[in-house]
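Reading the structure
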Amino acid sequence: MELELAILDWIQLHLRCGFLDWLMPFISSLSNHGEIWILLAAVLLLRRQRAYGLSAACALALDLITCNIFLKPLIGRIRPFTLRPDLFLLVSPPGDASFPSGHTAAAFAAVFALKTAGSSLWRPALALAAVTAFSRLYLYVHWPTDIIGGILLGAAVGWAGAKLAKILLKNQKQA
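Below you will find a few notes about this structure.

About the criteria used
- Residues numbered from 1 in each chain as written.
- Predicted model: local features only at pLDDT ≥ 70, side-chain atom pairs only at ≥ 80, totals over all residues.
- Heavy atoms only, no water.
- Phe/Tyr/Trp six-rings, centres within 6.5 Å; stacked < 30°, edge-to-face > 60°.
- Helix = DSSP H or I, 4+ residues; strand = E, 2+ residues; numbered from the N terminus.
- Core = buried A, V, L, I, M, F, W, Y, C linked by side-chain atoms within 4.5 Å.
- Buried < 20%, exposed > 50% of the residue type's maximum accessible area, 1.4 Å probe, protein only.
- Contact = heavy atoms within 4.5 Å.
- Expected span 1.5 Å × (residues − 1).
- Bend = angle between axes of the 7 residues up to and from the residue.
- Patch = residues over 30% accessible without salt bridge, like charges linked within 9 Å, V, L, I, M, F, W, Y side chains within 5 Å.
- Areas by Shrake-Rupley, 256 points an atom, 1.4 Å probe, with all protein chains shown as cover.
- Salt bridge = Lys/Arg side-chain N within 4 Å of Asp/Glu carboxyl O.
- Axes fitted to C-alpha atoms, helices over the stretch in contact; angles between N-to-C directions.
- Parallel < 35°, antiparallel > 145°, perpendicular 65-115°, else oblique.
- Left-handed = near helix turned anticlockwise from the far one by under 90°.
- Disulfide = S-S within 2.5 Å.
- Nonpolar A, V, L, I, M, F, W, Y, C, P; charged D, E, K, R; others polar.

**Some details on the packing of aromatic side chains**
Under the counting rule described, the total for this entry stands at 3 aromatic pairs. With a centroid separation of 6.2 Å and an interplanar angle of 50°, the aromatic rings of phenylalanine 134 and tyrosine 138 are classed as tilted. Of the two residues, phenylalanine 134 and tyrosine 138 both sit in helix 6 (residues 122-138), 4 residues apart, roughly one turn of that helix. Chaining the aromatic ring pairs together yields one cluster made of Phe19, Trp22 and Phe26.

**Some thoughts on the nonpolar core**
Burial of nonpolar side chains together is a common tendency in soluble globular proteins. If you look at the biggest cluster of nonpolar residues, it comprises 31 residues, and the most contacted ones within it are Met24, Trp37, Tyr138, Leu139, Tyr140 and Val141. For this core, the secondary-structure elements that each account for two or more residues are helix 1 (2-15), helix 2 (18-29), helix 3 (35-46), helix 5 (102-117) and helix 6. If we skip the residues at most four places from it in the chain, tyrosine 140 touches Leu5, Leu8, Asp9, Gln12, Pro80, Phe81, Arg84 and Leu87. Membership of the second largest hydrophobic core comes to 7 residues, among which are Cys67, Ala109, Ala113 and Leu153.

**Topic: helix 4 (residues 50-75)**
A rise of 1.5 Å per residue sets the reference length of helix 4, with its 26 residues, at 38 Å; its end C-alpha atoms lie 35 Å apart and thus fit the reference within 8%. Along helix 4, the helix axis deviates most sharply at cysteine 67, where the bend reaches about 25°. Within the sequence span of helix 4, burial applies to Gly53, Ser55, Ala56, Cys58, Ala59, Leu60, Asp63, Cys67 and Lys72. Among the structural elements, helix 3, helix 5 and helix 7 (144-174) are those in contact with the buried residues of helix 4. Two residues or fewer after helix 4 comes glycine 76, characterised by a positive phi angle close to 65°.

**Details of the environment of histidine 33**
By secondary structure assignment, the location of histidine 33 is in the loop between helix 2 and helix 3. Spatially, the C-alpha atom of histidine 33 lies 7.8 Å from that of histidine 103, the residues being 70 residues apart in sequence.

**Observations concerning unusual backbone geometry**
For the peptide bond that leads from phenylalanine 99 to proline 100, omega is -10°, which places it in the cis range. Tracing the backbone through its elements, the reader meets proline 100 in the loop between helix 4 and helix 5. Positive phi, close to 65°, is recorded for arginine 48, a residue that is not glycine. Here the phi dihedral of tyrosine 140 falls at roughly 65°; this positive angle occurs in a residue that is not glycine. Among the secondary structure elements, tyrosine 140 is positioned in the loop between helix 6 and helix 7.

**Quick notes on a nonpolar patch on the surface**
A surface patch of nonpolar side chains, about 280 Å² in accessible area, is lined by Met1, Ile78 and Leu83. Counting through the fold element by element, isoleucine 78 comes out in the loop between helix 4 and helix 5.

**Here we look at the packing of helix 4 against helix 5**
One can describe the packing of helix 4 onto helix 5 by two numbers: an axis separation of 8 Å at closest approach and a directional angle of 150°. Taken together, the axis directions place helix 4 and helix 5 in an arrangement best described as roughly antiparallel. Crossing angle aside, the handedness with which helix 4 passes helix 5 is right-handed. Mapping the contact onto sequence places Ala51, Tyr52, Ser55, Ala56, Ala59, Leu60, Asp63, Cys67 and Lys72 in helix 4 and Gly102, Ala105, Ala106, Ala109, Ala113, Leu114 and Ala117 in helix 5.

**Re the state of the cysteines**
Summed over the entire model, instances satisfying the criterion amount to 0 disulfides. As a non-bridged cysteine, cysteine 58 has cysteine 67 as the owner of its nearest cysteine sulfur, 17 Å distant. Taking relative accessible area as the criterion, cysteine 58 reaches 10% and is therefore assigned buried.

**Considering the packing of helix 5 against helix 7**
Direction vectors running N to C along helix 5 and helix 7 enclose 35°, while the axes themselves pass 6 Å from each other. Where helix 5 crosses over helix 7, the handedness of that crossing is right-handed. Contacts between helix 5 and helix 7 pair Thr104, Ala105, Phe108, Ala109, Phe112, Ala113, Thr116 and Ala117 from the former with Ile147, Gly150, Ile151, Leu153, Gly154, Ala155, Val157, Gly158, Trp159, Ala162 and Lys163 from the latter. Residue composition of the contact of helix 5 with helix 7, by class: 13 nonpolar, 5 polar and 1 charged.

Here's what the structure looks like:
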């Protein structure tokens, strides 16, 4: 925990500025409930890119179950701002546990679902996912290992979501 606090404190000491104090809460808010990723999946489904949209949707559903319903309550890790409330920048504190980062897991679930399904949209999605993950560190709401855990979980459920979507689409064609 000391190393993780040192990383978070380094970010605060060397990167904190007025512009990022405005930008990082905005970036983070795009994924407060997975909104941007759900919107992406819905747009892809509506634009007749069903394989990509369904892959992202399945990945996000798997993420919700594994991250928010199972892992967060099971692990129950405290958030870093509880140790340093003076560094907290959000309007209201998150009410759930810290590990793994749900924002990060959802973002990387979408990235890996798109990549596995063969969409080139995974590249811009990766850029937003990386900035989202960093925003959670900048805002002092997640430990670095929460972010790593979110990336790994997102990768796993993203891959699984794309594979599940492929099976569902194949079964639909056969029916």
